[in-house]
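These are the residues of each chain, in order.
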Amino acid sequence: MRHDHLISAKQLSRGDIEDVLDRADEFEADPNGGAGAHSDALLGLLFFEPSTRTKMSFDAAMKRLGGGTIDMGSVDSSSVKKGESLADTVRVIEGYADALVLRHPSEGSAKLASEFVDVPVVNAGDGAGHHPTQTLLDLYTIRKNAGLEDLTVGIMGDLKYGRTVHSLAHALTNFDVEQRFISPKSLRLPQGVRYDLSRAGADVHEHTDLEDVLGELDVLYVTRIQRERFPDENEYRKVAGEYRIDAATLESAKPELSVMHPLPRVDEIAPEIDGTDHATYFEQAHSGVPVRMALLDHML
Ligand code: NCD
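Analysis parameters
Here the residue numbering is sequential within each chain, running from 1 through the sequence in written order. This being a predicted model, a pLDDT of at least 70 is required before a residue's local features are given, and a value of 80 or more before pairs of side-chain atoms are given or counted; all residues contribute to the totals for chains, interfaces and linings. Only heavy atoms go into the side-chain values, all of them from the structure, while hydrogens and water stay out. Strands are labelled as partners when DSSP assigns at least two bridges between them. By the criteria applied, helices consist of DSSP H or I runs no shorter than four residues and strands consist of E runs no shorter than two, each listed in order from the N terminus. Lines are fitted to the C-alpha atoms to define the axes, a helix being fitted only along its stretch in contact, and any angle between axes, read from their N-to-C directions, falls within 0 to 180 degrees. Any two residues having at least one pair of non-hydrogen atoms within 4.5 Å are treated as being in contact. Multiplying 1.5 Å by the residue count of a helix minus one yields the expected span of that helix. The classification of residues rests on relative accessible area computed with a 1.4 Å probe and restricted to protein chains. Under 20% of the type maximum is buried, over 50% is exposed, and intermediate values are partly exposed. Working definition: the arc comes from the directions between the helix axis and the C-beta atoms, pointing outward to the latter. Proximity is defined per residue: any heavy atom of the residue falling within 4 Å of a molecule or strand makes that residue near it. Here a polar contact means two N or O atoms within 3.5 Å. Within protein one must be a hydrogen donor candidate and the other an acceptor candidate, and residues neighboring in sequence count only if both atoms are side-chain atoms. Computed with the Shrake-Rupley method and a 1.4 Å probe, the accessible areas treat only the protein chains shown as cover for residues. Side-chain classes are defined by residue name, with Ala, Val, Leu, Ile, Met, Phe, Trp, Tyr, Cys and Pro counting as nonpolar, Asp, Glu, Lys and Arg as charged, and the others, Gly among them, as polar. Just to be clear on terms, a salt bridge is a Lys or Arg side-chain nitrogen sitting within 4 Å of an Asp or Glu carboxyl oxygen. The crossover handedness rule: strands pointing away from the viewer, path from first strand over the helix to second strand clockwise, crossover right-handed.

## Things to note about the sheet that holds strand S3 (residues 99–104)
Reading across the sheet, the 4 strands line up as S2-S1-S3-S4 and stay open at both edges, with parallel pairing between neighbours. The open sheet has two edge strands with one neighbour each: strand S2 (68–71) and strand S4 (121–126). Each strand of the sheet is rotated relative to its neighbour by a mean of 15 degrees, with strand direction disregarded. By the bridge criterion, 4 bridges tie S3 to S4 in an arrangement that is parallel. Bridge pairing in S4 links Leu-102 to Asn-123. Here helix H3 (residues 86–93) sits on the sheet and contacts strand S1 (42–47), S2 and S3; the angle it forms with S3, its principal contact strand, is near 155 degrees.

The following block contains the structure:
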């Protein structure tokens, strides 16, 4: 990849994506294939918001490549609590690490951080903005299960605040993939994202009922309503639980439909789906390690 920092999925060309996914295939086949390759590398983990998968899979990926990680820890236990700015925090930690992974509640924070440091910055989620490494593992999972050609992908749930949605929808414009967007009216794609998708040549089809499109989907990407981003809790309550998938919902789906979710799920997917051939979300989460190994291997 040509980029020093990975801030947005908009930076990724089809070639960049395929390079990472091909390398991830190799790491998945041989998880210790990169052992020692980056034994002198230290990755800084700066998570200003909760994380399980993203942080732990970056940690695992760096260690599998032979390197180490240093973790800022929670906001409450760091100097952020004393009022330190993001710019100062990253300027200090760049002296300790060879690359930084940053998750932060403000949109634009990863871009801002990248302007203050010389080491590569990877955006692990900036508010309702982007989450490009989640997209790489989403694409990896789609490619493995359905191929990345001649597909129809439905993206459902919180399309307004969901950063995984913004990144994935954009990255899919590099491939021969039709997209269908399913959400309550109040959580439709932000205008800026819709504009970017149209400019990238995508037709933006928006729906409020999954039933209208379910039968044509090869992949259904379900997302959590991003409760923490709602300015008003009452607005959240109005839409919470509206888009729930269970076995009955999927009766009219293609047998090969792959149901994905970046996780964590709250109640969007009934546990009864977990044991079916549709369920792809745990496999999706597991691919975070080989995909992030591939990305770090490129960047370092
Ligand atoms: C997502 C995120 O943080 O945006 N989680 C993840 O990284 N897998 C999705 C979410 O929190 O709903």
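We are not done yet, so read on.
## Some points on helix H1 (residues 14–29)
Between its terminal C-alpha atoms H1 stretches 23 Å, which fits the 22 Å expected from 16 residues at 1.5 Å a residue. Residues of H1 that are buried: Asp-16, Ile-17, Val-20, Leu-21, Ala-24 and Phe-27. Projection of H1 onto a plane perpendicular to its axis shows the buried side chains occupying an angular sector of 120 degrees, all on one side. Lining the buried residues of H1 we find helix H5 (132–146), helix H6 (163–172) and helix H10 (288–299).

## Structural notes on the site of the ligand
Arg-53, Thr-54, Arg-103, His-131, Gln-134, Arg-163, Thr-164, Arg-224, Gln-226, Pro-262, Leu-263 and Pro-264 make up every residue found near the ligand. Between the ligand and the protein, one listed contact pairs an oxygen atom with a side-chain N or O atom of Arg-103 at 3.0 Å. Between the ligand and His-131, the relevant distance is 2.8 Å, taken from an oxygen atom to a side-chain nitrogen or oxygen of the residue. Relative to its unbound accessible area of 310 Å², the ligand is 94% covered by the protein chains. Sorting the residues of the shell around the ligand by element identifies helix H2 (53–64) and H6 as the ones contributing at least two each. For the shell around the ligand, the class distribution of residues is 3 nonpolar, 5 polar and 4 charged.

## Topic: the pattern of salt bridges
Applying the stated criterion to the full structure yields 25 salt bridges. Its salt-bridge partner being Lys-144, residue Glu-28 comes within 3.0 Å of it at the nearest N-O pair. Here Glu-28 is found in helix H1, whereas its partner Lys-144 is found in helix H5, with 116 residues between them in sequence. Judged by its relative accessible area of 44%, Lys-144 is partly exposed. Here Glu-206 makes a salt bridge to Arg-194, at a shortest N to O gap of 3.5 Å. Of the two residues, Glu-206 is situated in strand S7 (residues 205–207) and Arg-194 in helix H7 (residues 191–199); the sequence distance between them amounts to 12 residues. Judged by its relative accessible area of 25%, Arg-194 falls in the partly exposed class.

## Overview of the pairing of strand S5 (residues 149–156)
Of all the 8 residues making up S5, 6 are buried; the element is thus mostly covered by neighbouring parts of the structure. Direction of pairing for S5 relative to strand S6 (residues 176–182): parallel, over a ladder of 7 bridges. Considered in S6, the bridge of Glu-149 is made with Asp-176. Viewed along the sheet, the connection from S5 through H6 into S6 turns out right-handed. Inspection of the sheet shows S5 paired to strand S8 (residues 219–222) by 4 bridges, in the parallel sense. If you follow Met-156 over to S8, its bridge partner there is Val-222.

## Describing the environment of Ser-114
Within the element layout of this structure, Ser-114 appears in helix H4 (residues 109–114). Here Ser-114 falls in the buried class, since its relative accessible area comes to 9%. Separated by 51 residues in sequence, Ser-114 and Lys-63 have C-alpha atoms that sit 24 Å apart. Those residues within four positions of Ser-114 in sequence are excluded, and the remaining contacts are His-5, Ile-7 and Val-121. Of the polar contacts made by the side chain of Ser-114, one reaches the backbone oxygen of Lys-111; its length is 2.6 Å.

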